Amino acid sequence: MAIVSGIPEKLGHYRIDEKIGEGGMGVVFRAFDERLEREVAVKVLPSGALTDETAHKRFRKEALLLSKLNHPNIATVHDFGSQDGVEFLVMELIEGATLTEKLGGRSMAEKEVVALGAQLAEGLSAAHEHGIVHRDLKPGNLRLSSDGRLKILDFGLAKLRGSAAALANTESLCETLHITGTLPYMAPEQILGGEVDARTDLYAAGLVLFEMATGKRAFDNASQYQMLGAILHDTPLPATKLNPRLSAELERIIGKCLEKDPNNRYQSAKELNVDLRRMETPSITAPFPSLRRRSAHLPILATVIVLFVVLTLLAYLRFHEKNAANYPQVRSIAILPFQNLSGDSKQDYLVDGIHEELTIAFSQITALTVKSRTSTLRYRDNSKTVPAIARELGVDALVEGSVRRSENALAVSVQLIDAVQDRPIWSKSYERQLTDVIPMQNEIALEVAREINVALTPSEQSRLQSAQLIDAQAYELYRQARYYSAQLTVDSVPKALSRFEQSLAKAPRFAAAYAGLADLYLSSPGRQVPGLNDQRALQLAEGAARKAIDLDPVSAEAHTALAAVNSARFRPYTAERELRRALEINPNSVDAHLAFAFNAARLGRAQDAIMHAQRALELDPAFPLTSFKVAIVYHYLGQEERSLQQLQMLLKQTPNFPMAYYGMAMIRIWLGRYDQVNCDDPNIERAGRNPERLAFLTYCYAKVGRHQDAERVFRQLQTHPNFPQVYPRMLSLAYTALGDRDRAVKVLQDAWKARTPWIDEILLEPNDLDSDPRYQALLQAIRTQYQKDQT
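Only a predicted model underlies this, so the values are computations on that prediction, with no experimental measurement involved.

What counts and how
- Residues numbered from 1 in each chain as written.
- Predicted model: local features only at pLDDT ≥ 70, side-chain atom pairs only at ≥ 80, totals over all residues.
- Heavy atoms only, no water.
- Helix = DSSP H or I, 4+ residues; strand = E, 2+ residues; numbered from the N terminus.
- Buried < 20%, exposed > 50% of the residue type's maximum accessible area, 1.4 Å probe, protein only.
- Contact = heavy atoms within 4.5 Å.
- Areas by Shrake-Rupley, 256 points an atom, 1.4 Å probe, with all protein chains shown as cover.
- Core = buried A, V, L, I, M, F, W, Y, C linked by side-chain atoms within 4.5 Å.
- Polar contact = N/O pair within 3.5 Å; in protein donor to acceptor, adjacent residues only side chain to side chain.
- Salt bridge = Lys/Arg side-chain N within 4 Å of Asp/Glu carboxyl O.
- 1 Å grid on protein atoms, 1.4 Å probe; cavity = no way out; pocket = protein on both sides within 12 Å on 5 of 7 lines; lining within 4 Å.
- Points joined across faces, edges and corners; volume = space filled by probe spheres on them.
- Pairing = 2+ DSSP bridges.
- Phe/Tyr/Trp six-rings, centres within 6.5 Å; stacked < 30°, edge-to-face > 60°.
- Disulfide = S-S within 2.5 Å.
- Axes fitted to C-alpha atoms, helices over the stretch in contact; angles between N-to-C directions.
- Expected span 1.5 Å × (residues − 1).
- Arc of directions from axis to C-beta.

1. Examining the overall build of the protein
- Along the backbone of the protein there are 34 helices and 15 strands.
- Taken over 791 residues, the protein has a buried fraction of 52%.
- Taking contacts inside the protein between residues at least 6 apart in sequence as the whole, the part at least 24 apart equals 62%.
- Accessible surface, the protein: about 36100 Å² in total, of which carbon and sulfur atoms supply 51%.

Below is the structure:
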């Protein structure tokens, strides 16, 4: 006999015992796993939810992904299956009440709100790191176990529900608008049909925190349409208006979660967790002295001590209250280029190095948003005021300083400046030997973090307190190598290689030098180093990156370089693991975020790609190459209009950036807007007379109908001394535009056979060869390689 109509008494080896819940995503039963002899929860999806093979495959893929989530604050998915048309998931059975039942329309004590909120943030962080977004976070999907632990239920199932039109929604308006979620807990971008990412869950987390803190929903309008308007346009009442006992800090945290613009919210659950955990740690402790013996004067002495403690505490609080008013909370920061006071411009490379490494030291602090060095370099000789620079970079505070060198001795002065009032918050001078420069920079980061009350995790504290002492000559050679490697010219690359090798000869355990060497091998094309082809460069890059990690497992740069090697060798899943590690170490690494965005685009994960691309842009808002790469990410995701918008914004900021004109012309060709393309644009000419540009011009002229010009430019390309090094993807486009499909396909086939790095990006670009079975076979071969890496 069925427990519920249509549900058998057994599903596979699970005996169905009783119905324990029901919602828009299915009916939940208490069941017994006869194989492992344990109680479980079985969620049965509504009849007809997965109506075709595509829906079944998506269900299987998502369920597999959910089963990999193993975290104490997430309900574990054990199994999934199908029997006689019944689709079901098997999950951990959690005894206890949902948060909705726990609240019952009442508020919680702030201490409990903060503790449960921190657990919620930890669970979200773990899931987001696996690329899984909940999409329907609400008190009804949060269960409190008997031991007080918060468990997130139905993780990711909103996506399953959204992929099956037959599944019922909990809100009729959502059905009408074809959106998934529960309306009172939806973010504005969900309602508007925009991109949903980790920040969407953080908005919902803010709504849950609001409800725990006040006992009321943030948006609880009479009708659904009024509620929809309120979510899109209205700011909720401050939580302290509904519950005056709440602290201003909790209200700030909730408010930041509930920002309408995702860019203004917490950018990761880890950031939210840091702020909540900080609230759990008392900021002031006043030890009371013990008295070991009685005395006739004990009452008087006790009174004096109490008065002293009270007066000291009041003075402390008044001082900090005054300073809190004067200096806003610092959670974002930029390190401006340091001044060289040595009187010798030849020392600029050393001063720039200190600026770079100080930025890296600060970047390792999760609770801080640290702007990239490439965005701050533009202010080296800038006369703008501190508030103006801070507004342009979007930061709370700036660090500036100077360096004076004498022999191997350094005198470094640093100050932290309140960006709003243009006043120093903190300043200090350091005198160190060149061998101590890396520990000094970590010490500065630690002291500033303490000054602005930024909480450090134990691992961050450990990393910043343990820094390598380096031979003075080895460090100087390393800084020179960095200086030359940044130029990436035919002359500078050999100089950089030589300096790295000399540095490592003097300091064989210098991890940063190995990481820099790996990055150089990845960045410099073979034409800049005679005899160094792509495969050999990859081999050397991998060896240097692995050596760096062996010497320093927390080198974010080395993990990012190793990810690039794996990406170039068509191992995107392996690359992703390295990038996750890099971002754990340095959450402010622009290179790692951009690499993650490109890698996610390869794997078809648009939300992850956009989230990391936008984070890179936030950290590096003023560097045109970062903005250009973000536009390419949108292009690889097939979002050509958004890519064009990004390039147009880039040109407003940097009108003389030639690659932007090149990119816009290419995208307009792909969109068929030939009337908007000017192949003779001098800005494209300024992109350089390299063979890739000639290949592009061949493609451009042919696509706009100027075939004689296309053939003329192609003859120039064929006689170019670097013609054999033209990148195969661009050369194939040129052949295709000229009508030579056989050569166009063969160029790509040969490139794949030679395993030319990053040739797999043909998966992400439109191509006139799409109808050619040889081209489709090549694409399938690349996808098969990806699958091998996944397994």
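2. Regarding the nonpolar core
- Ile 333, Phe 338, Phe 362, Leu 416, Ile 444, Tyr 475 and Phe 510 are the most contacted members of the largest nonpolar core, which has 75 residues in total.
- Per element, the largest residue contribution to this core is nine residues, and it comes from helix α20 (residues 511-523).
- Core analysis: the second largest hydrophobic core is formed by 59 residues, Met 108, Tyr 203, Ala 213 and Met 227 among them.

3. Section: the environment of Leu 207
- For Leu 207, the location among the structural elements is in helix α7 (residues 198-214).
- Each C-alpha atom of the pair Leu 207 and Phe 219 lies 8.6 Å from the other, and the pair is 12 residues apart in sequence.
- Leu 207 has contacts with Pro 184, Tyr 185, Met 186, Ala 218, Phe 219 and Leu 258, leaving out every residue within four places of it along the chain.

4. Overview of the environment of Gln 614
- Along the chain, Gln 614 turns up in helix α25 (residues 606-619).
- Gln 614 sits in the buried class, given a relative accessible area of 17%.
- It is 7.5 Å that separates the C-alpha atoms of Gln 614 and Val 630, two residues lying 16 residues apart in sequence.
- With sequence-adjacent residues up to four places away left out, Gln 614 is seen in contact with Asp 197, Arg 199, Asn 263, Tyr 634 and Arg 642.
- Within polar-contact distance, the side chain of Gln 614 engages the side chain of Arg 199 at 2.5 Å.

5. Here we look at the pattern of salt bridges
- With the rule as written, the count across this model stands at 46 salt bridges.
- As a salt-bridge pair, Arg 277 and Glu 122 come within 2.4 Å of each other at their nearest N and O atoms. Residue Arg 277 is found in helix α11 (residues 269-280), and its partner Glu 122 is found in helix α3 (residues 110-129); the two are separated by 155 residues along the sequence.
- For Arg 277, a relative accessible area of 28% corresponds to the partly exposed category.
- Judged by its relative accessible area of 24%, Glu 122 falls in the partly exposed class.
- Across the pair Glu 476 and Arg 405 runs a salt bridge, and its minimum N-O distance is 3.0 Å. Highlighted residues: Glu 476 in helix α18 (residues 472-485) and Arg 405 in strand β13 (residues 397-406), separated in sequence by 71 residues.
- A residue is classified by how much of its surface remains accessible, and Arg 405, at 14% relative accessible area, is buried.
- Three or more residues joined by partner-sharing salt bridges are found here, namely Arg 602, Arg 729, Asp 760, Glu 761 and Glu 765.

6. Considerations on empty space enclosed by the protein
- Under the criterion given, the structure shown has four cavities of 30 Å³ or more.
- Looking at the largest cavity, its volume works out to about 470 Å³.
- Around the largest cavity, the lining is made up of 21 residues, and of these Glu 129, Ser 268, Leu 583, His 593 and His 612 lie nearest the centre.
- When residues in the lining of the largest cavity are grouped by element, the largest group, four residues, is from α25.

7. Regarding the pairing of strand β6 (residues 86-92)
- With six of seven residues buried, β6 is to be regarded as a mostly interior element.
- Pairing geometry for strand β4 (residues 38-44) and β6, over five bridges, is antiparallel. Note that in β6 the partner of Val 42 across the bridge is Val 90.
- Relative to β6, strand β5 (residues 77-83) runs antiparallel, the two being bridged by six bridges. Note that in β6 the partner of Gly 81 across the bridge is Phe 88.
- Counting the residues that bridge the hairpin from β5 to β6 gives two residues, and of these Asp 84 lies at a positive phi of roughly 50°.

8. Let's talk about the packing of aromatic side chains
- Evaluated as defined, the whole model comprises 10 aromatic pairs.
- The interplanar angle of 75° and the centroid separation of 6.4 Å between the aromatic rings of Tyr 14 and Phe 88 together place this pair among those described as edge-to-face. Here Tyr 14, found in strand β2 (residues 14-23), pairs with Phe 88, found in strand β6; they are 74 residues apart in sequence, far enough to count as distant. Both residues of the pair, Tyr 14 and Phe 88, belong to the buried class.

9. Here we look at the state of the cysteines
- In this structure the tally under the stated criterion is one disulfide.
- A sulfur-sulfur separation of 2.0 Å characterises the disulfide bridge that pairs Cys 679 with Cys 700. Across the S-S bond linking Cys 679 and Cys 700, the dihedral sits near -90°, which makes this disulfide left-handed. Residue Cys 679 is located in the loop between α28 (658-670) and α29 (682-685), and its partner Cys 700 is located in helix α30 (residues 691-703); the two are separated by 21 residues in the primary sequence.
- Residue Cys 679 is classed as buried on the basis of its relative accessible area, which comes to 4%.

10. Some remarks on the sheet that holds strand β7 (residues 96-98)
- Spatial strand order, β7-β8-β9: three strands in an open sheet with antiparallel pairing. Of all strands in the sheet, those with a lone pairing partner are β7 and β9 (150-152), marking the two edges. The mean angle between the axes of side-by-side strands here comes to 30°, regardless of whether they run parallel or antiparallel.
- Alignment of strand β8 (residues 142-145) against β9, held across three bridges, turns out to be antiparallel. Considered in β9, the bridge of Leu 142 is made with Ile 152.

11. Focus on helix α33 (residues 741-753)
- End to end, α33 covers 18 Å across 13 residues, agreeing with the expected 18 Å (1.5 Å per residue, within 8%).
- Among all positions of α33, only Ala 744, Val 745, Val 747, Leu 748, Ala 751 and Trp 752 are buried. Buried residues in α33, looked at end-on, bunch into an arc of 155°, giving them a common side. Away from its buried face, by an angle of more than 90 degrees, α33 presents the exposed residues Asp 742 and Lys 753.
- Elements that come into contact with the buried residues of α33 comprise α32 (728-737) and α34 (773-790).
- Positive phi shows up at Arg 755, right after α33, with a value of about 55°.

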